[in-house]
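This is what each chain is made of:
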Amino acid sequence: MFSSQTAKIKYSYNKIREVKSHRIGELFSAYRDILWDDGRHKYNVSSFIGEIDEILLGERFSAFDQSTLDNLIGTLRQRGNSNATINRKMAALSKLLRKAHKMGDIHSLPEFRRQKERAGRIRFLERDEEARLFAAIKSRSEDAYRLSVFLVDTGCRLGEALGLIWNDIQEHRVSFWITKSGRSRTIPMTERVKEVIKLPATEGRRPKGPFTKLSQAQFRAIWNDAKAEVGLGADDQVVPHILRHTCASRLVQGGIDIRRVQMWLGHQTLSMTMRYAHLATNDLDGCVTVLETPRCSGADSGGASALSAPPPARRGPKGEPAASKAPKRAKRSAKS
């Protein structure tokens, strides 16, 4: 207690907390199961955080300042990481630090600025490529073939398809509840999809969903063997996710507006769907018509071009030719 003639101040130490320091790896161990669901994404995040902790040399900190973040981004870029890869790693780090800050583990956060990404080329399957690849997959596994057809006609992610249960399929529509964005969506099914979700009549207990017999690892192994057989083994963009790109590309090329494509794919923002907008070439066909329209030449118009043609005659309020201004100027000149 401190007191004087003019003021009386009371100090309380009840809410003072000890300032502790933490490693990035320790924070991740504490909050990974809270922030990320089990799956491939969580595995990737674990790899990202491990690399960041290694770059920071296991440094312990109670505040993550801007210079530390800038040095981290610079090191990642020196290692050959693209801006898109840096953004994914920083998104994981930002999510972890915000949770640690909220829980009182650290007392200051840096400003995370998204790096500018270059629009890359989107690879999708042509019809003949799809036919050859799917035939090779079918020769190896009927279940993997059914899943491939489902993926290309619905545009869903591999994890979304594998997580389906029979209650998610109602009449002519399928609902995806376990999604990357956390937002469910329902889309109609093509006739081909309606056929491939039907399981062949076999003895034994019915599985939980149409594709639950397969795991991601099993499907990817079959996919890689099949693509090597049909001559696509050297193309590192021909991965199962290409079926989602293929679905989106066909919708846009078929004239479906970009907003509906966003709803079909379940993109959280329209900017994600805009990657396919350049394929909507039908919207630009009218430009060719304008450019190819022949222009009037001087010979066709009797030697007078449109630029040198006299202006149209001025009309009065009732359509009669307006009186010339020259005589009026002459009258005023005579009066003066």
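Use the structure listed above.
This one's a predicted model, so the numbers in the text were calculated from it and none came from an experiment.

Caption draft 1: Examining the overall build of the chain more closely. Counting its regular elements, the chain contains 14 helices and 5 strands. Counting all 336 residues of the chain, 35% fall into the buried class. Pairs at least 24 apart in sequence give 61% of the contacts found in the chain among residues at least 6 apart.

Caption draft 2: Region of interest: the nonpolar core. Within the largest apolar cluster, 48 residues are counted, with the highest numbers of intra-cluster contacts made by I137, L147 and F150. Going through the elements one at a time, α5 (127-140), α6 (142-154), α7 (158-162), β4 (173-176), α8 (191-196), α9 (216-229), α10 (242-253) and α11 (258-265) are the ones with two or more residues in this core. Membership of the second largest hydrophobic core comes to 26 residues, among which are I24, F28, F48 and F61.

Caption draft 3: Here's a closer look at α11. Along α11, the residues that are buried comprise V261, Q262, W264 and L265. Along the long axis of α11, the arc covered by the buried residues comes to 165 degrees, so they all point the same way. Opposite the buried face of α11, at more than 90 degrees from it, the exposed residues are R260 and M263. In this structure, the buried residues of α11 make contact with α6, β5 (185-188), α10 and α12 (270-273). Where α11 ends, the next residue or the one after it, G266, has phi of about 80 degrees, a positive value.

Caption draft 4: Inspection of the packing of aromatic side chains at higher detail. Under the defined criterion, the tally for this structure stands at 6 aromatic pairs. Ring centres 5.1 Å apart and planes at 80 degrees place the aromatic pair F61 and F64 in the edge-to-face group. Taken as a pair, F61 and F64 share a single burial class, namely buried. For the pair F134 and Y145, a centre-to-centre distance of 6.4 Å together with 90 degrees between the ring planes defines the contact as edge-to-face. Taken together, the residues span a long stretch of sequence, with F134 in helix α5 and Y145 in helix α6 at a distance of 11 residues. Each residue in the set F150, F176 and F211 is aromatic and connected to the rest through ring pairs, giving one cluster. Taking the ring centre of Y145 as reference, the NZ or CZ of K138 above it sits at 4.8 Å. The ring of W166 carries the charged tip of R206 above its face, separated from the ring centre by 4.0 Å.

Caption draft 5: Quick peek at unusual backbone geometry. Even without glycine at this site, L57 takes up a positive phi of about 60 degrees. Here L57 shows up in the loop between α2 (40-55) and α3 (66-78). Relative accessible area serves as the criterion here: at 76%, L57 is assigned to the exposed category. The backbone phi angle of E171 is positive, close to 50 degrees, even though this residue is not glycine. Relative to the elements of secondary structure, E171 occurs in the loop between β3 (169-170) and β4.

Caption draft 6: The side chain of T273, seen in detail. Considering the arrangement of structural elements, one finds T273 in helix α12. Here T273 falls in the buried class, since its relative accessible area comes to 0%. Polar side-chain contacts of T273 include one of 2.8 Å to the side chain of H267. Excluding anything up to four places from it in sequence, T273 contacts I258, V261, Q262 and H267.

Criteria and cut-off values
Residues numbered from 1 in each chain as written. Predicted model: local features only at pLDDT ≥ 70, side-chain atom pairs only at ≥ 80, totals over all residues. Heavy atoms only, no water. Helix = DSSP H or I, 4+ residues; strand = E, 2+ residues; numbered from the N terminus. Buried < 20%, exposed > 50% of the residue type's maximum accessible area, 1.4 Å probe, protein only. Contact = heavy atoms within 4.5 Å. Core = buried A, V, L, I, M, F, W, Y, C linked by side-chain atoms within 4.5 Å. Arc of directions from axis to C-beta. Phe/Tyr/Trp six-rings, centres within 6.5 Å; stacked < 30°, edge-to-face > 60°. Lys NZ or Arg CZ within 6 Å of the ring centre and 35° of its normal. Polar contact = N/O pair within 3.5 Å; in protein donor to acceptor, adjacent residues only side chain to side chain.

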